[in-house]
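These are the residues of each chain, in order.
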Amino acid sequence: LGPAFAANWRRNTDHLIESLERFDPQGDVLELAAGTGTFTEVILRHADQVTVVDASLEVLAINAARNGTDRVEQITADLFTWEPPRRWSSGKTPSTV
């Protein structure tokens, strides 16, 4: 899509990574539409465990190759029809990122 698009995407991604770092997700974290693991990697710097959900087996395979699987549980599911099997709670007070 061109260098301008790539630069804008990188800027936005960097901003989101900085926000995640400040948020400091703790405990057992649920990441929806996890994709290839750009943000999973950041979450793992803070959290004990991450459950990643995505509809694509292919991107979850990239996520696993990037982040390993010892602290990452993968679920392949369509988020619009997925019924979570349990609740996730970090124990942190909700705040604005």
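Below, the structure is looked at part by part. Note that this is a predicted model, so its numbers are computed, not measured. (Residues numbered from 1 in each chain as written. Predicted model: local features only at pLDDT ≥ 70, side-chain atom pairs only at ≥ 80, totals over all residues. Heavy atoms only, no water.)

### Considerations on the sheet that holds strand β1 (residues 28-32)
Put simply, the rule reads: The criterion for strand pairing is that DSSP finds at least two bridges linking the strands in question. Secondary structure elements are taken from DSSP: a helix is a run of H or I of four residues or more, a strand is a run of E of two residues or more, and numbering for both begins at the N terminus. Here the axes come from fitting lines to C-alpha atoms, over the contacting stretch only for helices, and the angles between their N-to-C directions go from 0 to 180 degrees. Whether two residues touch is decided by their heavy atoms; if any such pair falls within 4.5 Å, the residues are in contact.
In space, the three strands of this open sheet follow the order β1-β2-β3, with parallel pairing throughout. Strand pairing shows two members of the sheet lacking a second neighbour, β1 and β3 (72-76), which therefore form its edges. Sheet twist, expressed as the average angle between the axes of neighbouring strands with direction ignored, equals 15°. Relative to strand β2 (residues 49-54), β1 is paired through five bridges, and the arrangement is parallel. Counted as the bridge partner of L32 is V53 from β2. On top of the sheet, helix α3 (residues 57-67) reaches β2 and β3; it is set at about 175° to β3, its chief contact.

### Here we look at the environment of E41
Applied cut-off: In protein, a polar contact requires one atom able to donate a hydrogen and another able to accept it; more generally it is a pair of N or O atoms within 3.5 Å, and residues adjacent in sequence count only if both atoms are side-chain atoms.
Tracing the backbone shows E41 in helix α2 (residues 38-44). In this structure E41 touches R66 and N67, once residues within four positions along its chain are discounted. Side chain to side chain, E41 and R66 meet in a polar contact 3.2 Å long.

### Overview of the pairing of β1
Put simply, the rule is: Per-residue accessibility, obtained with a 1.4 Å probe over protein chains only, is compared with the maximum for each type, and a residue is labelled buried under 20%, exposed over 50%, and partly exposed between these values. By convention, orient the strands away from the viewer: a clockwise path from the first strand over the helix to the second makes the crossover right-handed.
The alternating pattern of β1 places V29 and E31 on a buried face and D28, L30 and L32 on a face that is not buried. As for the winding sense of the linkage, the β-α-β connection from β1 through α2 to β2 is right-handed.

### So, the nonpolar core
For the record, the criterion: Residues belong to one nonpolar core when they are buried, are Ala, Val, Leu, Ile, Met, Phe, Trp, Tyr or Cys, and are joined through side-chain atoms within 4.5 Å.
Of all hydrophobic cores here, the largest spans 12 residues; its members are I17, L20, V29, A34, V42, I43, L44, A47, V50, V52, L60 and V72. Broken down by secondary-structure element, the contributors of at least two residues to this core are α1 (3-23), α2 and β2. Considering each element in turn, this core owes the most residues, three residues, to α2. Not counting chain neighbours up to four residues away, the residues in contact with V52 comprise E31, A34, T40, L60, N63, V72, E73, Q74 and I75. Ranked by size, the runner-up nonpolar core spans five residues in total, among them I75, A77, W82 and W88.

### Comments concerning the pattern of salt bridges
Test applied: Any carboxyl oxygen of Asp or Glu within 4 Å of a side-chain nitrogen of Lys or Arg constitutes a salt bridge here.
This model, assessed by the stated rule, comprises four salt bridges. With a closest N to O distance of 2.9 Å, R10 and D14 form a salt bridge. Of the two residues, R10 and D14 both sit in helix α1, four residues apart, roughly one turn of that helix. With relative accessibility at 31%, the residue D14 sits in the partly exposed group. The residue E41 makes a salt bridge to R66 at a minimum N-O spacing of 3.2 Å. Placement of the pair is E41 in helix α2 and R66 in helix α3, with a sequence separation of 25 residues. Accessibility expressed as a relative area gives 42% for R66, which makes it partly exposed.

By themselves these figures say nothing about function.
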